[in-house]
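A structural walkthrough
The residues making up each chain are set out below.
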Amino acid sequence: MKLADRMSRLGTETAFVVLAKAKELEAQGREIIHLEIGEPDFDTPRNIIDKAIDALNNHWTHYGPAAGLPALRETIAREVSRFRDIKVGPENVVVTPGAKPIMFYAILALINEGDEVIYPNPGFPIYESVINFIGARPVPIRMREEKQFRLDVDELISLINPKTRMIIINSPENPTGSVLTNKDLEAIAEVSIKNDIYILADEIYSRLIYSGRHHSIASLPDMLERTIILDGYSKTYAMTGWRLGYGVMPRALADQVAKLQTNCNSCTASFSQIAGIEALTGDQSAVDKMVTEFKKRRDLIVAGLNDIEGISCLRPDGAFYVFPNVKSLGIASSRFESRLLSEAGIATLSGTSFGAFGEGYIRLSYANSIPNIEKALDKLRHFVESL
Ligand code: PLP
(Lines give C-alpha, C1' and ligand atoms only; values in the text may rest on other atoms or scores of the structure.)
Protein backbone atom coordinates (compact mmCIF):
# COMPACT_ATOMS: atom_id res chain seq x y z
CA MET A 1 0.00 0.00 0.00
CA LYS A 2 1.30 3.45 -0.86
CA LEU A 3 1.02 5.53 2.28
CA ALA A 4 1.22 9.29 2.47
CA ASP A 5 4.80 10.54 2.99
CA ARG A 6 3.95 12.02 6.36
CA MET A 7 3.30 8.57 7.81
CA SER A 8 7.01 7.82 7.74
CA ARG A 9 7.47 10.72 10.17
CA LEU A 10 4.96 9.48 12.73
CA GLY A 11 6.48 7.87 15.83
CA THR A 12 4.81 5.80 18.51
CA GLU A 13 4.74 4.94 22.18
CA THR A 14 6.67 1.71 22.69
CA ALA A 15 5.02 1.09 26.06
CA PHE A 16 2.17 -0.48 24.13
CA VAL A 17 4.58 -2.61 22.06
CA VAL A 18 6.32 -3.96 25.19
CA LEU A 19 2.94 -4.55 26.83
CA ALA A 20 1.88 -6.66 23.82
CA LYS A 21 5.13 -8.69 23.98
CA ALA A 22 4.68 -9.21 27.72
CA LYS A 23 1.10 -10.40 27.18
CA GLU A 24 2.32 -12.84 24.56
CA LEU A 25 4.79 -14.32 27.05
CA GLU A 26 2.03 -14.53 29.65
CA ALA A 27 -0.17 -16.37 27.16
CA GLN A 28 2.67 -18.92 26.91
CA GLY A 29 2.47 -19.39 30.69
CA ARG A 30 5.36 -17.12 31.77
CA GLU A 31 4.99 -14.96 34.86
CA ILE A 32 5.69 -11.32 33.99
CA ILE A 33 5.88 -8.36 36.38
CA HIS A 34 4.59 -5.27 34.65
CA LEU A 35 6.68 -2.19 35.28
CA GLU A 36 6.31 -0.82 31.76
CA ILE A 37 2.93 0.78 31.50
CA GLY A 38 2.10 4.30 32.63
CA GLU A 39 -1.19 3.83 34.36
CA PRO A 40 -2.21 3.65 38.00
CA ASP A 41 -2.98 0.11 39.17
CA PHE A 42 -5.82 1.49 41.32
CA ASP A 43 -9.48 1.34 40.37
CA THR A 44 -11.35 4.51 39.46
CA PRO A 45 -12.91 5.75 42.74
CA ARG A 46 -16.41 4.40 43.37
CA ASN A 47 -18.16 7.80 43.49
CA ILE A 48 -16.95 8.54 39.94
CA ILE A 49 -18.09 5.17 38.59
CA ASP A 50 -21.51 5.60 40.23
CA LYS A 51 -21.94 9.03 38.61
CA ALA A 52 -21.13 7.57 35.20
CA ILE A 53 -23.69 4.80 35.70
CA ASP A 54 -26.29 7.41 36.71
CA ALA A 55 -25.35 9.44 33.65
CA LEU A 56 -25.85 6.45 31.35
CA ASN A 57 -29.22 5.73 32.97
CA ASN A 58 -30.13 9.37 32.50
CA HIS A 59 -29.41 9.31 28.77
CA TRP A 60 -26.07 11.08 28.67
CA THR A 61 -25.42 8.91 25.65
CA HIS A 62 -25.58 11.48 22.86
CA TYR A 63 -23.26 13.93 21.16
CA GLY A 64 -22.36 17.04 23.11
CA PRO A 65 -20.68 20.35 22.23
CA ALA A 66 -17.22 20.02 20.61
CA ALA A 67 -15.41 21.91 23.37
CA GLY A 68 -17.09 19.92 26.14
CA LEU A 69 -20.23 20.12 28.28
CA PRO A 70 -20.65 23.65 29.69
CA ALA A 71 -20.99 22.36 33.26
CA LEU A 72 -17.72 20.43 33.00
CA ARG A 73 -15.85 23.30 31.35
CA GLU A 74 -17.00 25.53 34.20
CA THR A 75 -15.93 23.02 36.82
CA ILE A 76 -12.52 22.57 35.19
CA ALA A 77 -12.03 26.33 34.89
CA ARG A 78 -12.86 26.78 38.57
CA GLU A 79 -10.60 23.94 39.73
CA VAL A 80 -7.70 24.89 37.46
CA SER A 81 -7.96 28.50 38.67
CA ARG A 82 -7.97 27.43 42.31
CA PHE A 83 -5.21 24.82 42.05
CA ARG A 84 -2.85 27.05 40.06
CA ASP A 85 -3.85 30.41 41.45
CA ILE A 86 -4.81 31.81 38.04
CA LYS A 87 -8.03 33.16 36.60
CA VAL A 88 -9.51 31.25 33.70
CA GLY A 89 -13.10 30.73 32.57
CA PRO A 90 -14.99 28.00 30.71
CA GLU A 91 -14.19 29.72 27.42
CA ASN A 92 -10.53 28.79 27.98
CA VAL A 93 -11.23 25.08 28.42
CA VAL A 94 -11.48 22.37 25.76
CA VAL A 95 -12.38 18.86 26.93
CA THR A 96 -10.87 16.00 24.93
CA PRO A 97 -10.88 12.17 24.89
CA GLY A 98 -7.79 11.88 27.10
CA ALA A 99 -5.29 14.69 27.34
CA LYS A 100 -3.19 13.42 24.45
CA PRO A 101 -5.26 15.16 21.74
CA ILE A 102 -4.34 18.51 23.33
CA MET A 103 -0.72 17.90 22.26
CA PHE A 104 -1.81 17.13 18.75
CA TYR A 105 -4.31 19.97 18.48
CA ALA A 106 -2.10 22.64 20.04
CA ILE A 107 0.82 21.78 17.79
CA LEU A 108 -1.42 21.58 14.70
CA ALA A 109 -3.03 24.90 15.50
CA LEU A 110 0.13 26.87 16.31
CA ILE A 111 3.06 25.40 14.41
CA ASN A 112 3.86 25.75 10.72
CA GLU A 113 6.04 23.47 8.63
CA GLY A 114 9.65 24.46 9.18
CA ASP A 115 9.01 26.00 12.60
CA GLU A 116 11.02 24.69 15.51
CA VAL A 117 9.65 23.22 18.71
CA ILE A 118 11.84 22.50 21.73
CA TYR A 119 10.81 19.42 23.69
CA PRO A 120 12.21 17.43 26.65
CA ASN A 121 14.45 14.47 25.88
CA PRO A 122 14.22 11.96 27.45
CA GLY A 123 10.53 12.85 27.37
CA PHE A 124 7.09 11.63 26.39
CA PRO A 125 7.64 10.24 22.86
CA ILE A 126 4.51 11.70 21.35
CA TYR A 127 5.92 15.25 21.42
CA GLU A 128 8.70 14.41 18.98
CA SER A 129 6.37 12.25 16.91
CA VAL A 130 3.75 14.96 16.39
CA ILE A 131 6.29 17.72 15.74
CA ASN A 132 7.89 15.56 13.05
CA PHE A 133 4.55 14.50 11.64
CA ILE A 134 3.41 18.02 10.89
CA GLY A 135 6.73 18.86 9.19
CA ALA A 136 8.18 21.04 11.93
CA ARG A 137 11.66 20.53 13.38
CA PRO A 138 11.89 18.85 16.78
CA VAL A 139 14.69 20.34 18.87
CA PRO A 140 15.49 18.22 21.93
CA ILE A 141 16.50 19.77 25.21
CA ARG A 142 18.36 17.29 27.36
CA MET A 143 16.98 16.38 30.76
CA ARG A 144 20.21 16.02 32.68
CA GLU A 145 20.74 13.53 35.46
CA GLU A 146 23.23 15.90 37.10
CA LYS A 147 20.37 18.41 37.33
CA GLN A 148 17.95 15.83 38.78
CA PHE A 149 16.67 15.34 35.22
CA ARG A 150 15.69 18.98 34.86
CA LEU A 151 16.69 21.09 31.90
CA ASP A 152 19.58 23.53 31.89
CA VAL A 153 18.26 27.01 31.19
CA ASP A 154 21.47 28.22 29.49
CA GLU A 155 21.24 25.25 27.17
CA LEU A 156 17.61 26.14 26.46
CA ILE A 157 18.62 29.69 25.56
CA SER A 158 21.29 28.36 23.20
CA LEU A 159 18.63 26.40 21.28
CA ILE A 160 16.39 29.41 20.60
CA ASN A 161 16.40 31.01 17.17
CA PRO A 162 13.86 33.06 15.17
CA LYS A 163 12.12 29.85 14.04
CA THR A 164 11.43 28.65 17.59
CA ARG A 165 7.69 28.83 18.13
CA MET A 166 7.02 26.58 21.09
CA ILE A 167 8.70 25.04 24.12
CA ILE A 168 7.13 21.93 25.61
CA ILE A 169 7.65 21.36 29.30
CA ASN A 170 6.43 18.43 31.37
CA SER A 171 6.54 18.62 35.14
CA PRO A 172 6.41 16.21 36.90
CA GLU A 173 8.06 14.46 34.00
CA ASN A 174 7.53 11.19 32.25
CA PRO A 175 9.90 9.22 32.20
CA THR A 176 12.17 10.68 34.89
CA GLY A 177 9.71 11.87 37.55
CA SER A 178 11.63 15.16 37.72
CA VAL A 179 9.89 18.33 38.87
CA LEU A 180 10.87 21.77 37.57
CA THR A 181 11.61 24.28 40.32
CA ASN A 182 9.97 27.68 40.55
CA LYS A 183 13.30 29.16 39.51
CA ASP A 184 13.38 26.95 36.40
CA LEU A 185 9.86 28.05 35.51
CA GLU A 186 10.71 31.72 35.99
CA ALA A 187 13.72 31.38 33.71
CA ILE A 188 11.69 29.52 31.05
CA ALA A 189 8.97 32.17 31.30
CA GLU A 190 11.56 34.90 30.73
CA VAL A 191 12.82 33.11 27.60
CA SER A 192 9.26 32.64 26.38
CA ILE A 193 8.27 36.28 26.82
CA LYS A 194 11.49 37.70 25.44
CA ASN A 195 11.33 35.58 22.28
CA ASP A 196 7.55 35.41 21.88
CA ILE A 197 7.41 31.63 22.21
CA TYR A 198 4.37 29.58 23.29
CA ILE A 199 4.62 27.11 26.12
CA LEU A 200 2.83 23.78 26.08
CA ALA A 201 2.84 22.84 29.76
CA ASP A 202 2.06 19.15 30.14
CA GLU A 203 0.82 19.00 33.73
CA ILE A 204 -0.84 15.59 33.57
CA TYR A 205 1.07 14.48 36.71
CA SER A 206 0.44 17.73 38.63
CA ARG A 207 -1.40 15.98 41.48
CA LEU A 208 1.22 13.25 41.85
CA ILE A 209 3.88 15.16 43.76
CA TYR A 210 5.66 13.85 46.86
CA SER A 211 7.16 16.98 48.34
CA GLY A 212 6.06 20.58 48.08
CA ARG A 213 3.29 21.59 45.72
CA HIS A 214 2.77 21.90 42.00
CA HIS A 215 3.87 25.10 40.30
CA SER A 216 2.42 26.00 36.93
CA ILE A 217 4.26 28.28 34.54
CA ALA A 218 0.82 29.72 33.66
CA SER A 219 0.64 31.38 37.06
CA LEU A 220 3.73 33.53 36.42
CA PRO A 221 3.18 37.13 35.26
CA ASP A 222 2.21 37.49 31.57
CA MET A 223 2.33 33.73 30.99
CA LEU A 224 -1.36 32.84 30.91
CA GLU A 225 -1.74 34.39 27.47
CA ARG A 226 1.07 32.28 25.99
CA THR A 227 0.58 28.96 27.80
CA ILE A 228 -1.46 25.89 26.96
CA ILE A 229 -1.98 23.78 30.07
CA LEU A 230 -2.55 20.10 29.39
CA ASP A 231 -4.11 18.06 32.18
CA GLY A 232 -6.64 15.33 32.64
CA TYR A 233 -8.10 12.46 34.58
CA SER A 234 -6.05 9.44 33.48
CA LYS A 235 -3.38 9.57 36.16
CA THR A 236 -4.96 11.54 39.04
CA TYR A 237 -8.18 9.56 39.16
CA ALA A 238 -6.97 6.27 37.63
CA MET A 239 -9.23 6.86 34.62
CA THR A 240 -6.96 5.93 31.69
CA GLY A 241 -9.67 3.95 29.91
CA TRP A 242 -12.34 6.61 30.27
CA ARG A 243 -10.48 8.90 27.88
CA LEU A 244 -11.00 12.22 29.56
CA GLY A 245 -8.61 15.13 29.51
CA TYR A 246 -8.51 18.84 28.80
CA GLY A 247 -6.50 21.82 27.72
CA VAL A 248 -6.65 25.34 29.17
CA MET A 249 -5.55 28.06 26.77
CA PRO A 250 -6.26 31.56 25.47
CA ARG A 251 -9.77 31.80 24.09
CA ALA A 252 -8.73 32.47 20.48
CA LEU A 253 -6.82 29.21 20.50
CA ALA A 254 -9.55 27.31 22.38
CA ASP A 255 -11.99 28.14 19.55
CA GLN A 256 -9.59 26.70 16.97
CA VAL A 257 -8.85 23.62 19.06
CA ALA A 258 -12.60 23.01 19.38
CA LYS A 259 -12.81 23.22 15.59
CA LEU A 260 -10.07 20.61 15.26
CA GLN A 261 -12.05 18.45 17.66
CA THR A 262 -15.17 18.84 15.50
CA ASN A 263 -13.11 17.58 12.58
CA CYS A 264 -11.64 14.69 14.49
CA ASN A 265 -13.65 13.33 17.43
CA SER A 266 -16.80 15.50 17.32
CA CYS A 267 -16.76 15.53 21.12
CA THR A 268 -15.75 13.63 24.23
CA ALA A 269 -18.07 10.89 25.58
CA SER A 270 -20.89 12.66 27.43
CA PHE A 271 -21.18 10.22 30.36
CA SER A 272 -17.41 10.38 30.93
CA GLN A 273 -17.75 14.15 31.18
CA ILE A 274 -20.53 13.92 33.76
CA ALA A 275 -18.32 11.60 35.79
CA GLY A 276 -15.52 14.14 35.33
CA ILE A 277 -17.53 16.76 37.24
CA GLU A 278 -17.85 14.34 40.15
CA ALA A 279 -14.14 13.54 40.03
CA LEU A 280 -13.19 17.19 40.47
CA THR A 281 -15.86 18.20 42.96
CA GLY A 282 -16.40 15.00 44.95
CA ASP A 283 -14.40 13.34 47.71
CA GLN A 284 -10.65 13.56 47.00
CA SER A 285 -9.56 11.05 49.63
CA ALA A 286 -8.91 8.32 47.03
CA VAL A 287 -6.39 10.61 45.30
CA ASP A 288 -4.66 11.38 48.60
CA LYS A 289 -4.50 7.66 49.41
CA MET A 290 -3.06 6.85 46.01
CA VAL A 291 -0.38 9.53 46.37
CA THR A 292 0.58 8.23 49.84
CA GLU A 293 0.86 4.70 48.46
CA PHE A 294 2.91 5.80 45.43
CA LYS A 295 5.31 7.61 47.73
CA LYS A 296 5.87 4.42 49.74
CA ARG A 297 6.54 2.48 46.58
CA ARG A 298 8.86 5.15 45.25
CA ASP A 299 10.97 4.94 48.39
CA LEU A 300 11.02 1.15 48.20
CA ILE A 301 12.02 0.95 44.55
CA VAL A 302 14.65 3.70 44.77
CA ALA A 303 16.31 2.06 47.79
CA GLY A 304 16.12 -1.39 46.15
CA LEU A 305 17.64 -0.18 42.88
CA ASN A 306 20.47 1.63 44.62
CA ASP A 307 21.24 -1.60 46.46
CA ILE A 308 22.03 -3.37 43.20
CA GLU A 309 25.65 -3.09 42.16
CA GLY A 310 25.95 -1.30 38.82
CA ILE A 311 22.61 0.55 39.07
CA SER A 312 22.08 4.02 40.49
CA CYS A 313 18.77 5.79 40.82
CA LEU A 314 17.76 9.32 41.77
CA ARG A 315 14.72 9.82 43.99
CA PRO A 316 12.15 11.63 41.83
CA ASP A 317 9.64 14.03 43.34
CA GLY A 318 6.67 13.27 41.11
CA ALA A 319 4.74 10.96 38.74
CA PHE A 320 5.13 7.18 39.26
CA TYR A 321 8.33 6.45 37.38
CA VAL A 322 11.98 5.96 38.21
CA PHE A 323 14.74 6.29 35.65
CA PRO A 324 17.77 4.39 36.92
CA ASN A 325 21.19 4.75 35.35
CA VAL A 326 22.47 1.39 34.07
CA LYS A 327 25.48 2.69 32.13
CA SER A 328 28.06 0.85 34.17
CA LEU A 329 26.49 -2.52 33.25
CA GLY A 330 27.84 -1.99 29.74
CA ILE A 331 24.71 -3.09 27.93
CA ALA A 332 22.63 -0.96 25.57
CA SER A 333 19.31 0.14 27.07
CA SER A 334 17.12 -1.50 24.42
CA ARG A 335 19.01 -4.79 24.82
CA PHE A 336 18.64 -4.50 28.59
CA GLU A 337 14.89 -3.98 28.16
CA SER A 338 14.46 -7.04 25.93
CA ARG A 339 16.69 -9.30 28.05
CA LEU A 340 14.96 -8.21 31.25
CA LEU A 341 11.66 -9.21 29.73
CA SER A 342 12.69 -12.51 28.16
CA GLU A 343 15.17 -13.71 30.82
CA ALA A 344 13.94 -12.15 34.08
CA GLY A 345 10.24 -11.74 33.32
CA ILE A 346 10.24 -8.01 34.10
CA ALA A 347 8.61 -5.66 31.62
CA THR A 348 10.33 -2.25 31.56
CA LEU A 349 11.05 0.39 28.94
CA SER A 350 14.40 1.29 27.48
CA GLY A 351 15.36 4.90 28.16
CA THR A 352 15.66 5.32 24.41
CA SER A 353 11.88 4.87 24.10
CA PHE A 354 11.88 8.46 25.36
CA GLY A 355 14.45 9.80 22.94
CA ALA A 356 18.13 9.42 22.15
CA PHE A 357 19.24 11.04 25.41
CA GLY A 358 17.61 8.16 27.28
CA GLU A 359 20.48 5.82 26.37
CA GLY A 360 22.03 4.35 29.49
CA TYR A 361 18.76 4.39 31.43
CA ILE A 362 15.60 2.32 31.78
CA ARG A 363 12.18 3.43 32.94
CA LEU A 364 10.34 1.53 35.61
CA SER A 365 6.77 2.38 36.50
CA TYR A 366 6.01 1.71 40.15
CA ALA A 367 2.28 1.61 39.52
CA ASN A 368 2.35 -1.96 40.79
CA SER A 369 1.89 -3.54 44.23
CA ILE A 370 4.62 -3.56 46.87
CA PRO A 371 4.93 -7.39 46.76
CA ASN A 372 5.35 -7.25 42.98
CA ILE A 373 7.92 -4.45 43.22
CA GLU A 374 9.85 -6.49 45.83
CA LYS A 375 9.74 -9.55 43.59
CA ALA A 376 10.88 -7.50 40.58
CA LEU A 377 13.81 -6.05 42.55
CA ASP A 378 14.85 -9.54 43.55
CA LYS A 379 14.71 -10.81 39.99
CA LEU A 380 16.51 -7.73 38.73
CA ARG A 381 19.33 -8.23 41.22
CA HIS A 382 19.77 -11.86 40.12
CA PHE A 383 19.69 -10.85 36.49
CA VAL A 384 22.32 -8.15 36.96
CA GLU A 385 24.52 -10.51 38.95
CA SER A 386 24.34 -13.01 36.10
CA LEU A 387 25.58 -10.52 33.49
N1 PLP B 1 1.33 13.46 28.95
C2 PLP B 1 2.19 12.60 29.51
C3 PLP B 1 3.52 13.09 29.93
C4 PLP B 1 1.83 11.26 29.69
O5 PLP B 1 2.69 10.42 30.26
C6 PLP B 1 0.56 10.83 29.23
C7 PLP B 1 0.17 9.42 29.32
O8 PLP B 1 0.94 8.52 29.48
C9 PLP B 1 -0.29 11.76 28.64
C10 PLP B 1 0.11 13.06 28.54
C11 PLP B 1 -1.62 11.38 28.06
O12 PLP B 1 -2.56 10.99 28.96
P13 PLP B 1 -4.07 10.69 28.53
O14 PLP B 1 -4.24 10.86 27.07
O15 PLP B 1 -4.34 9.28 28.96
O16 PLP B 1 -4.89 11.65 29.30
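Keep in mind it's a predicted model, so treat the numbers as computed, not measured.

Taken together, the 3 strands give an open sheet; going across it, the order is β9-β12-β11, and neighbouring strands pair in antiparallel fashion. Of all strands in the sheet, those with a lone pairing partner are β9 (321-322) and β11 (349-350), marking the two edges. With 2 bridges connecting them, β11 and strand β12 (residues 362-365) associate as antiparallel partners. Its bridge partner being in β12, Leu349 is matched across the sheet by Arg363.

Turning next to the site of the ligand. Taken together, 14 residues surround the ligand, and among them Ala99, Asp202, Tyr205, Ser234 and Lys235 come closest. Contact between the ligand and Lys100: an oxygen atom at 3.0 Å from a main-chain N or O atom of the residue. Here an oxygen atom of the ligand sits 2.8 Å away from a polar atom, N or O, in the side chain of Arg243. Contact with the protein chains removes 94% of the 390 Å² of surface that the ligand exposes when unbound. When grouped by side-chain class, the residues that make up the shell around the ligand number 6 nonpolar, 4 polar and 4 charged.

By the assigned domains, the chain splits into domain 1 (5-44 + 285-386) and domain 2 (62-281). Its C-alpha centre places domain 1 at a distance of 25 Å from the equivalent point of domain 2. With 40 residues of domain 1 at the contact, the number on the domain 2 side is 38 residues. On the domain 1 side of the contact with domain 2, Leu314, Phe354 and Phe357 bury the most area, a combined 19% of that side's loss.

This part covers the pairing of strand β3 (residues 116-121). Summarising burial for β3: 6 of the 6 residues are buried, a large majority. The side-chain alternation of β3 yields two buried faces, one formed by Glu116, Ile118 and Pro120 and the other by Val117, Tyr119 and Asn121. The pairing of β3 with strand β4 (residues 137-142) spans 6 bridges and is classified as parallel. Residue pairing across strands places Ile118 opposite Val139, the latter belonging to β4. Traced from β3 through helix α5 (residues 125-133) to β4, the parallel crossover comes out right-handed.

In this section: the sheet that holds β3. Across the sheet, which stays open at both edges, the 7 strands sit in the order β2-β8-β7-β6-β5-β3-β4 with mixed pairing between neighbours. The open sheet is flanked by β2 (93-96) and β4, the only strands paired with a single partner. Taking the axes of each pair of neighbouring strands and ignoring which way they run, one obtains an average angle of 20° across the sheet. Sheet analysis places β3 next to strand β5 (residues 164-170), joined by 3 bridges and oriented parallel. Bridge pairing in β5 links Ile118 to Ile167. Along the sheet, helix α8 (residues 251-264) makes contact with β2 and β7 (227-232), crossing β2 at roughly 20°.

Parameters and conventions
- Residues numbered from 1 in each chain as written.
- Predicted model: local features only at pLDDT ≥ 70, side-chain atom pairs only at ≥ 80, totals over all residues.
- Heavy atoms only, no water.
- Pairing = 2+ DSSP bridges.
- Helix = DSSP H or I, 4+ residues; strand = E, 2+ residues; numbered from the N terminus.
- Near = heavy atom within 4 Å.
- Polar contact = N/O pair within 3.5 Å; in protein donor to acceptor, adjacent residues only side chain to side chain.
- Areas by Shrake-Rupley, 256 points an atom, 1.4 Å probe, with all protein chains shown as cover.
- Nonpolar A, V, L, I, M, F, W, Y, C, P; charged D, E, K, R; others polar.
- Domains from an automatic or database assignment.
- Contact = heavy atoms within 4.5 Å.
- Buried area = accessible area lost by both parts, 1.4 Å probe.
- Buried < 20%, exposed > 50% of the residue type's maximum accessible area, 1.4 Å probe, protein only.
- Right-handed = clockwise from strand over helix to strand, strands pointing away.
- Axes fitted to C-alpha atoms, helices over the stretch in contact; angles between N-to-C directions.

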